[in-house]
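# Tertiary structure, described
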Amino acid sequence: MAKIIVVTSGKGGVGKTTSSAAIGTGLALAGHKTVIVDFDIGLRNLDLIMGCERRVVYDFVNVINGEANLKQTLIKDKRVDNLFILPASQTRDKDALTKDGVERVLTELAKEFDFILCDSPAGIESGAMMALYFADEAVVVTNPEVSSVRDSDRILGMLSSKSRRAEQGLDGIKEHLLLTRYNPERVQKGEMLSVEDVKEILAIELIGVIPESQAVLNASNSGQPVIMDKDSDAGQAYLDTVQRLLGETVPFRFLTVEKKGFIKRIFGG
Ligand SMILES: Nc1ncnc2c1ncn2[C@@H]1O[C@H](COP(=O)(O)OP(=O)(O)OP(=O)(O)O)[C@@H](O)[C@H]1O
Ligand SMILES: [Mg+2]
């Protein structure tokens, strides 16, 4: 049975789309048939980060409106087997996603896919609510700063009260904390919250810590999810995250300031 995972945050610009692309790609690389659905109507960032923007013909809203079927609309990733993108519409109004329509599409996707990853828009308005409503699990993307943590806490409230699982009295959505843009140096200086601080405030299980990294920008510029840059710190941190999502126990990395070795101290780097 397909697992529906929403990647959400409340606050904007914290790394949801980056994380959706990376985690979706990681799940597919691990052999699971995966679709990443862009719920951010009007913005269409996911296809840019996935590097398939020129191949978008139809979109999520076309499928909901019966103007195209899923086969015509899903974009198959060229690099990774088992990986598909359902792009968002760029032009339509934000209310184009209806609960019935979204349910129909997700039900059809669930017949084909192992994982359905929903990249949520920011905020707690209808688009974000639509992205989380049908979820089984949630990856709550949070930056180590007070405003982001506060908004994640609001989203946790929504997950436990406004989701289908909540409405139907089923087991709650399984919540995972993904800390992104983590900068140990700034944490050490007291400029950012530590992993422990955030864990204590939000009190949900930590699924990953992604360091602040130039590799993320390079990846998004080249339209290749950062998880495919296996030598990069962020790529490795996302690989660890995917393994944990799949139930493995993996030690956390990139949490402390890297001690510079002799060579690096002398020559920099
Ligand atoms: N680990 C990281 N290191 C450095 N930059 C990052 C990292 N994660 C994300 N970013 C950058 O932060 C910005 C926002 O990322 P992204 O678009 O993934 O966020 P988002 O939560 O999807 O935003 P929105 O709420 O607008 O949808 C991008 O410029 C991205 O490259
Ligand atoms: Mg986004």
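Here's what I pulled together on the structure shown here. Computed from a predicted structure; not experimentally measured. (Residues numbered from 1 in each chain as written. Chains lettered and ligands numbered in written order. Predicted model: local features only at pLDDT ≥ 70, side-chain atom pairs only at ≥ 80, totals over all residues. Heavy atoms only, no water.)

### Description of the pattern of salt bridges
- With the rule as written, the count across this model stands at twelve salt bridges.
- As a salt-bridge pair, Arg165 and Asp136 come within 3.1 Å of each other at their nearest N and O atoms. With a gap of 29 residues between them, Arg165 in helix α8 (residues 164–167) and Asp136 in the loop between α6 (126–133) and β6 (137–142) connect regions that are remote in the sequence.
- Linking Glu212 and Arg181 is a salt bridge whose minimum nitrogen-to-oxygen distance equals 2.9 Å. You can see Glu212 sitting in the loop between β8 (205–211) and α11 (214–222) and its partner Arg181 sitting in strand β7 (residues 174–182), a full 31 residues away along the chain. (Salt bridge = Lys/Arg side-chain N within 4 Å of Asp/Glu carboxyl O. Helix = DSSP H or I, 4+ residues; strand = E, 2+ residues; numbered from the N terminus.)

### Describing the environment of Val56
- Relative to the assigned elements, Val56 resides in the loop between α2 (46–49) and α3 (60–64).
- For Val56, a relative accessible area of 17% puts it in the buried group.
- Sequence separation of Val56 and Glu175 is 119 residues, and the distance between their C-alpha atoms is 31 Å.
- Non-local contacts of Val56, meaning those with residues more than four positions away in its chain, are made with Arg44, Asp47, Ile75 and Pro87. (Buried < 20%, exposed > 50% of the residue type's maximum accessible area, 1.4 Å probe, protein only. Contact = heavy atoms within 4.5 Å.)

### Points about the sheet that holds β8
- Strand order in the open sheet formed by eight strands is β3-β4-β2-β5-β1-β6-β7-β8, and the pairing between neighbours is mixed. Of all strands in the sheet, those bounded by a partner on one side alone are β3 (75–76) and β8.
- Taken together, the four bridges between strand β2 (residues 34–38) and strand β4 (residues 83–86) define a ladder with parallel strand orientation. By the bridge assignment, Thr34 is partnered in β4 with Leu83.
- Against the sheet, helix α10 (residues 195–202) engages β6, β7 and β8, with an angle of about 150° to β7.
- Helix α12 (residues 233–245) rests against β1 (3–8), β6, β7 and β8 of the sheet, and its axis sits at about 165° to β8. (Pairing = 2+ DSSP bridges. Axes fitted to C-alpha atoms, helices over the stretch in contact; angles between N-to-C directions.)

### Let's talk about the side chain of Ser89
- As for its placement among the helices and strands, Ser89 is situated in the loop between β4 and α5 (99–112).
- On the basis of relative accessible area, Ser89 is assigned to the buried category, the value being 0%.
- In this structure, Ser89 is in contact with Ile41, Gly42, Leu43, Arg44, Asp59 and Val61, ignoring residues within four places of it in sequence.

### Some points on the environment of Thr8
- Within the element layout of this structure, Thr8 appears in strand β1.
- Here Thr8 falls in the buried class, since its relative accessible area comes to 0%.
- Linking Thr8 and Leu159, residues 151 residues apart in sequence, is a C-alpha distance of 9.8 Å.
- The contact partners of Thr8, leaving out residues within four places of it in the chain, are Lys16, Ser120, Val139, Val140, Val141 and Ile155.

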